[in-house]
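So the chains spell out like this:
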Amino acid sequence: MEIKEERSSDEARKFLPSSQVDSLGEPQFTSIQRIANEPKLEFSLACKDLVAATRDRKLNTFIQVSVVHPAEHILTRYSSTEIVEGTKDPLFLTGVTFPPEYPIYEETKIKLTVYDVKDKSQDTVRTSVLPDHKEPRADIGRSFLGCTTFRVADLVKSKEQQLTLTLRTSDGGKTVGTIEVNLVKMGELEDGETDHVTTDAQDQKCALVHECTATEGISGKDSLPSLSAVLKNPICKLYRFPTSDNKWMRIREQMAETTLSFHVPKELINLHIKEDMRRNQELKDLGELAPHWDNMRKSVIAHCDQMLSMYQDTLAELGKHTGSSFKSSCSKGEKTLEFIPINLHLQRMHVHSPRLKDALYDVITVGAPAAHFQGFKNGGLRKLLSKFEAERRNTGYQCIYYSPENTAKAKEVLSNINHLQPLISSHADLLLSSASQHSPDSLKNSLKMLSEKTELFVHAFKDQLVRSALLALYTARPGCVLKKPAMPRNSAEEGSDLQHQDHPSQIKRQDSIPHHSEYDEEEWDRVWANVGKSLNCVIAMVDRLLEKDNVSSTKEGENDPSAADCKVFHTGGDWYEQLYPLVITLKDCMEEVVTRAKQSMAFVLLQELACGLPQCLMLTLRRDIVFSQALAGLVCGFIIKLHAGLHDQGFLQQLHTVGLLVQYEGLLSTYSEEAGMLEDMAVGISDLQKVMFKVIEAKSEDFLPIITGRREHYVIEVQLPAKMFELLPQEIKEGKLLRMYPVLFNVGINEQQTLAERFGDTTLQENINQENLELLKEYYKLFTEKMPPDCLPHFQEQNDLKGLLENLHQNIQAKKRKNVEIMWLAATICRKLNGVRFTCCKSAKDRTSMSVTLEQCSILRDEHQLHKDFFIRALDCMRSRQTQGALNESDDPETGCLADNKPTSRHFYPVALLLVSSHLLVVWLILSLALLLAKYQ
């Protein structure tokens, strides 16, 4: 954001108070009192009576803002306004804002330098590296008019909160005009009518406007402590635009990095490592296998260990990372950073207008989640997964085919085992502890928890997959052989009757191993049923103990059917002694179930891995990479949305009743590498449907989210301070899991999309948009069924939503080229449904910034009555690179890397000339295609 120019002490001293210059001790500076997490200082600028070098010349001026830091004794270029053309009294719509972290004090000096741009088309920000006191050369395209300085204290302590300063030439002699500096407070509405606003449709001239202010407080939605742990290094820009009724609105635009760019991937990789280590151990615990299966297991474990080592190395490298909390587009091809999202930022627009006093509009911008390091030569995940699944069905007799649904079910069963077994054991120990203390209430509570968890445990194994997998595992033992090798099966043949996969009739008993017995399919039913029976014995014993405790004179029932299978009779005495054998029996039965179930489900996973080595593991890695990037953005978006909606009871009700809509706007083409990126992105966003959120109360000052779970089933625990946590509905406070509904709509808009539409294929984009339209309709249906009509804001009617959905459906069906109307409609629907907005392109720079700024100006026009004559100028202000401070024009917009000074145009032929003739256009497209093919070879 800043380029510092170190000057000599003598040059900087003239801007400093003598008391500070002469001080030999540590200087003491006066801080500016502002609201926490609000910008320290904001002001707007206007010039009056500027003097041109020649009489007949119309001035095109802008102001460059520099800061003299009293502690560092250096002059720092900070920012610039936009260029206002054709007037000697320019009113600049772009203001100056200093973020909360910026070191600015009352003693700080601010220097304002006015330049006249001779030729706007040739002027660049390259000249911002020139010293302030030196006039640029004539061939640079702009000339120095005058400059002035002021102390921050003079502005903040002035009665009118306004300064009128005289502009003088560099030698301090000639007066060339005045500058008005107005202190800005976002909570104060400028509701005075303008004296006059004159605009020209072509030149966008604007005369000076009189401003009146009226004090009004703001809600300070972004003044929240826990956001500081998530958002870092904010860059702020301030604007003031006229409304259609000649009043003023103020806009603060903020872009911030997020620490989640690295935090979420590191948490995920750590979970991947634990999950893979657990899976490898489960494969080793399968026991003795026949030679064919044992060799297969050894090969799988060897490959898995290699992948595990790679995850560990990546995590170690990420742990060494220091510096910026985001990954620039230059680094998208780096292997050590492949899990990190590209250019993940929050783009926030804070509007204070006569119509809506305090409105926030957030968009998360991020590069398309994709595996850039692995490349896209063979396509993206969407194509690779489909191809892999087709190949896996035809693996022959090497292994047994299980459908993706069954392998996912096996992972779920293993997860339930690992989660429930320690809980049941813990509750059983608590039951015995309560019995030893002879505490009836504690005994009841412990029994209730034990019963609930045990019932969940037993229910997890009531699945045909476990039974069929046990049979398949039995056939893989050394004592059994198959009369007929297992034939490949497809999912349609597989159906729901999985036990026919390896029928007992196919198993031949080897006489040389007499200790083997014929496989009994009912044995598994008896094993897990014993867990339920053991629990019934425990329940019956507790009931008897409590009954005798309550009514000691009553005889115990002699025929209790619930305790029919119990072998221990209640004869009085210590509770602990009578419950202990029953609890031990329950644990033993549960341990036997766990051992068999783990082995059978691990055998299913062995088949999945063995059928596709090493492609299976490489696809898992690619999917993990894409998911990591997508999840980091989702977590950021959820936290920002939750903080912004804490006082909106309708939104909070919608959050726990329906879930949160997350809309991704994709701007990728369907040509060349970007088609592979789009395939990766589509799968990564779809995988977010399996992510659940949970809001918990923070127990420390660390507010970063906590991630738990496994692949395909993650829970993100978002921490809030106690005061904010109390604002939540009871359902969320009790830990209800919150669902996400991600949808992706993509419209390619660059020149590569033109090639795809002319000579390629756009089916991928059409299919993605159609599939996600159905998901959006599903969410809207749930919303209308579960939410009352008055939950939408006053300007968002349900009839409007129905019309917008129908319009979106028609536009998707129309298959119109570069139909940006799809983007507009999807974004509008998302905002009306209180959703989270994402905008993505290849690197989240050029196309993303164009889309976001256009959306912001459209919101100002549609929701805040931006003056129609100022729409283009407002758009230019937001898109101007000059207003963003000292940037280098040699920053290549596509690669994001520093390049040699070259013309910014990438076209070899004037497009306007080519459009004259369709033949010339075809020639241009063919030549462009040849250049692109040469580039990627």
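Residues numbered from 1 in each chain as written. Predicted model: local features only at pLDDT ≥ 70, side-chain atom pairs only at ≥ 80, totals over all residues. Heavy atoms only, no water.

A.B. asks: Would you mind going over the pairing of strand β21 (residues 738-746) with me for this structure?
C.D. replies: Consecutive side chains of a regular strand alternate in pointing toward one face of the sheet and then the other. Burial within β21 is extensive, with eight of its nine residues counted as buried. Bridge count for strand β17 (residues 660-666) against β21 is seven bridges, and the pairing is parallel. Counted as the bridge partner of Y664 is L744 from β21. Bridging between strand β18 (residues 691-697) and β21 involves two bridges; their strand directions are antiparallel. Across the sheet, residue F693 finds its bridge partner in β21, namely L738. (Buried < 20%, exposed > 50% of the residue type's maximum accessible area, 1.4 Å probe, protein only. Helix = DSSP H or I, 4+ residues; strand = E, 2+ residues; numbered from the N terminus. Pairing = 2+ DSSP bridges.)

A.B. asks: I keep staring at helix α8 (residues 440-459) and nothing clicks. Help me out?
C.D. replies: In an α-helix there are 3.6 residues to a turn, and that puts residues three or four apart on one side. For α8, spanning 20 residues, the distance from its first C-alpha to its last is 28 Å, which sits close to the expected 28 Å at 1.5 Å a residue. When we look at burial in α8, the residues that qualify are L443, S446, L447, L450, S451, T454, F457 and V458. Seen along its axis, α8 keeps its buried residues to an arc of 140°; they face one direction. Pointing more than 90 degrees away from the buried face of α8 are the exposed residues D441, K448, E455 and H459. Contact partners of the buried residues in α8: α7 (404-437), α11 (522-550) and α12 (575-610). (Expected span 1.5 Å × (residues − 1). Arc of directions from axis to C-beta. Contact = heavy atoms within 4.5 Å.)

A.B. asks: Sorry, what's going on with the side chain of N343 here?
C.D. replies: Note that N343 resides in the loop between α5 (291-319) and β13 (345-352). Residue N343 is classed as buried on the basis of its relative accessible area of 8%. For N343, the side chain forms a polar contact with the main-chain oxygen of S843, separated by 2.8 Å. Those residues in contact with N343, other than ones at most four positions away along the chain, are F326, K327, S328, S329, T365, V366, S843, A844 and K845. (Polar contact = N/O pair within 3.5 Å; in protein donor to acceptor, adjacent residues only side chain to side chain.)

A.B. asks: I would appreciate a short explanation of the packing of aromatic side chains in the present structure.
C.D. replies: The description of two aromatic rings rests on the distance between their centres and on the angle between their planes. Taken as a whole, this structure holds 15 aromatic pairs when the rule is applied. Ring plane angle 25° and centroid distance 5.5 Å describe the contact between F62 and Y115, whose orientation is recorded as stacked. Residue F62 is located in strand β3 (residues 60-69), and its partner Y115 is located in strand β7 (residues 109-117); the two are separated by 53 residues in the primary sequence. Accessibility classification places F62 together with Y115 in one group, the buried group. Ring geometry for F638 against F693: centres 4.2 Å apart, planes inclined by 20°, an arrangement best described as stacked. Remark: F693 occurs in strand β18 and F638 occurs in helix α13 (residues 615-644); sequence separation between them is 55 residues. On the accessibility criterion, F638 (1% relative accessible area) is buried. Taking the relative accessible area as the measure of exposure, F693 reaches 0% and is therefore buried. (Phe/Tyr/Trp six-rings, centres within 6.5 Å; stacked < 30°, edge-to-face > 60°.)

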